[in-house]
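In case you want the letters, here they are:
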Amino acid sequence: MDHYVEVTPAEAGLTRDGVIKLHGAEGFEGMRKAGRLAAEILDALVPHVVPGVTTEELDDIVRQMTLRAGAVPATLGYRGYTHSCCTSINHVICHGIPSDKRLKDGDIVNIDVTPMLDGWHGDTSRMFLVGDVPVKAKRLVDVTYECLMLGIEQAKPGNHVGDIGHAIQAHAEKHRYGVVRDFCGHGLGQLFHDAPEIVHVGRPGTGPELRPGMIFTIEPMINIGKAAGKVLEDGWTAVTRDRSLSAQFEHSIGITETGCEIFTASPKGFDKPPY
Ligand code: MF3
Ligand code: CO
Ligand code: CO
């Protein structure tokens with residue numbers, strides 16, 4: 001049996017192991033603001049993601065814009081992580097650490113931001129194409145975005161978490177891509193990572209039932225090659241074992257009476273490249 005609890009904002013920050021929180025109107029309003037800021041930060045990065053820029057420079061922009069908006073980058077100091085975003089280039093699956101490495105023509109890069117605004121977390125990531133990108137890589141990016149949106153289509157009351165995973169897996173595997181199993185989407189709100197886990201593979205009708213008030217991310221990571229990954233010595237950077245390209249998109253959403261609300265949609269319509 002899965003357990004659910006209706007929470008007020010005062011209770012939303014409490015850890016309750018495995019219990020799925022059902023948020024009210026105030027929680028949705030908090031997420032709307034945090035999610036919008038997260039999306040605006042990614043929108044603002046667009047002109048800066050060009051050949052020659054370092055990922056540290058992008059991280060500086062994210063940190064400054066977050067702080068200026070009265071928010072805090074939730075990743076800063078999170079489990080020892082010392083940056084304001086993750087920058088995952090080419091065969092990096094996720095959690096790439098910003099550095100003095102320069103982006104080069106033909107790279108694909110995921111930038112993942114999580115501003116915490118008034119206690120609420122807006123968690124979102126998009127792929128960016130650096131200069132002229134090969135068709136094979138662009139196709140991966142397009143299909144990965146489609147996977148996210150097909151997953152979101154399944155996010156409605158009465159459906160199950162497994163319906164989301166199934167939709168994502170079916171679409172990715174139709175293109176002979178591998179779906180990463182090592183990382184998943186997650187509940188969030190006043191906590192950065194909360195129950196339930198949103199696995200990006202699955203069988204229809206399995207897993208926790210979706211109910212109005214649930215807030216979580218969907219963030220499929222899709223590889224051109226096999227699904228397997230490994231984490232590098234730095235303890236963060238996850239890469240594909242076969243060094244094939246990997247892509248990811250992430251939205252934070254809330255289940256409503258009729259479907260879901262996407263909190264992190266781009267105000268500029270920059271949801272997927274080309275921007
Ligand atoms: N934003 C990531 C997620 O989607 C988490 C990054 S944690 C970090 O859940 F410490 F690596 F930044
Ligand atoms: Co996330
Ligand atoms: Co994220």
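Chains are numbered independently. Their residues run from 1 in the order of the written sequence. Both sets of labels track the order of writing: A upward for chains, 1 upward for ligands. For this predicted model, a pLDDT threshold of at least 70 governs which residues receive local features, and a threshold of 80 or more governs which side-chain atom pairs are given and counted, while totals over whole chains, interfaces and linings are taken from all residues. Only hydrogens and water are removed before side-chain values are computed, so all heavy atoms of the structure are retained for them.

Topic: helix α5 (residues 161-174)
So, step 1. For helices the rule is a DSSP run of H or I covering at least 4 residues; for strands it is a run of E covering at least 2, with both sets numbered from the N terminus onward. Each residue after the first adds 1.5 Å to the expected span of a helix. Its 14 residues give α5 an end-to-end C-alpha distance of 20 Å, which sits within 8% of 20 Å, the value for a rise of 1.5 Å per residue.
So, step 2. In terms of burial, α5 is a largely internal element, 10 of the 14 residues being buried.
So, step 3. Residues of α5 that are buried include every one of Val 161, Gly 162, Asp 163, Ile 164, Gly 165, Ala 167, Ile 168, Gln 169, His 171 and Ala 172, and no others.
So, step 4. Elements that come into contact with the buried residues of α5 comprise α4 (135-153), β10 (178-179), β12 (194-198), β13 (215-218) and β14 (221-223). Exposure is judged per residue with a 1.4 Å probe applied to protein chains only, and the accessible area is read against the type maximum: over 50% gives exposed, under 20% gives buried, and values in between give partly exposed. In this description, contact between two residues means that some pair of their heavy atoms is separated by no more than 4.5 Å.

Thoughts on the coordination of the cobalt ion (ligand 2)
So, step 1. Distances decide who is a donor: an N, O or S atom must be within 2.8 Å of the metal, or within 3.2 Å for Na, K and Ca. Water is not included, so sites may look incomplete. The coordination sphere of the cobalt ion (ligand 2) contains the protein donors Asp 123 (OD), His 186 (NE2), Glu 219 (OE) and Glu 250 (OE), at a distance range of 2.0 to 2.2 Å.
So, step 2. Coordination geometry of the cobalt ion (ligand 2): the 6 donor atoms subtend angles of 52 to 159° at the metal centre, consistent with an arrangement described as irregular.
So, step 3. Written as a sequence motif, the donor residues of the cobalt ion (ligand 2) are D-x62-H-x32-E-x30-E.
So, step 4. Here the cobalt ion (ligand 2) and the cobalt ion (ligand 3) are spaced 3.3 Å apart, with Asp 123 acting as a shared donor. Taken together, the positions of His 186 in strand β11 (residues 185-187) and Glu 250 in the loop between β17 (246-248) and β18 (251-255) put the pair 64 residues apart, joining distant regions of the chain. By the burial criterion, His 186 is buried, and Glu 250 matches it. A site with four donors is called tetrahedral when every donor-metal-donor angle falls between 85 and 135 degrees; four donors are called square planar, and six octahedral, when opposite donors sit more than 155 degrees apart and all other angles fall between 65 and 115; any other arrangement is irregular.

Some thoughts on the UniProt feature "binding site: a divalent metal cation 2" (unreviewed entry) in the chain
So, step 1. When the UniProt feature table is mapped onto this chain numbering, "binding site: a divalent metal cation 2" (unreviewed entry) sits at Asp 123, His 186, Glu 219 and Glu 250. Spanning 128 residues, the annotated positions come together in the fold, the maximum distance between their C-alpha atoms being 10.8 Å.
So, step 2. You can call His 186 buried: its relative accessible area is 6%.
So, step 3. Contacts described as polar in this section are N or O atom pairs within 3.5 Å, which, within protein, must combine one atom able to donate a hydrogen with one able to accept it, while residues neighboring in sequence count only if both atoms come from side chains. Reaching out from His 186, the side chain makes a polar contact with the side chain of Asp 123 at a distance of 3.0 Å.
So, step 4. Other than its neighbours up to four places away in sequence, Glu 250 contacts Asp 112, Asp 123, Thr 124, Ser 125, Leu 148, His 186, Thr 217, Ile 218, Glu 219 and Thr 264. UniProt positions are given in the numbering used here, feature names are shortened, and annotations may be inferred rather than shown by experiment.

Side note on the sheet that holds strand β8 (residues 120-121)
So, step 1. Should DSSP find at least two bridges between two strands, the strands are taken to pair. Sheet architecture is open: 3 strands sit in the order β3-β7-β8, paired in antiparallel fashion. Strands with a single pairing partner mark the edges of an open sheet, and in this sheet they are β3 (72-73) and β8.
So, step 2. To define axes, lines are fitted to C-alpha atoms, for helices over the stretch in contact only, and angles between the resulting N-to-C directions are given on a 0 to 180 degree scale. The sheet contacts of helix α2 (residues 25-45) involve β7 (115-117) and β8, and relative to β7 the element is tilted by about 140°.

Concerning the UniProt feature "domain: Peptidase M24" (unreviewed entry) in the chain
So, step 1. What UniProt calls "domain: Peptidase M24" (unreviewed entry) maps, in this numbering, to residues 29-257.
So, step 2. Along residues 29-257 the backbone is 28% helical and 25% strand, and the end-to-end C-alpha distance reaches 16 Å.

Here we look at the pairing of β18
So, step 1. With 5 of 5 residues buried, β18 is to be regarded as a mostly interior element.
So, step 2. Sheet analysis places β13 next to β18, joined by 4 bridges and oriented antiparallel. By the bridge assignment for β18, Thr 217 is matched with Ser 252.
So, step 3. As judged from the 3 bridges shared by β18 and strand β19 (residues 260-262), these two strands associate in the antiparallel manner. Looking at the pairing, Ile 255 lines up with Cys 260 of β19.
So, step 4. Connecting β18 to the next strand, β19, in antiparallel fashion are 4 residues.

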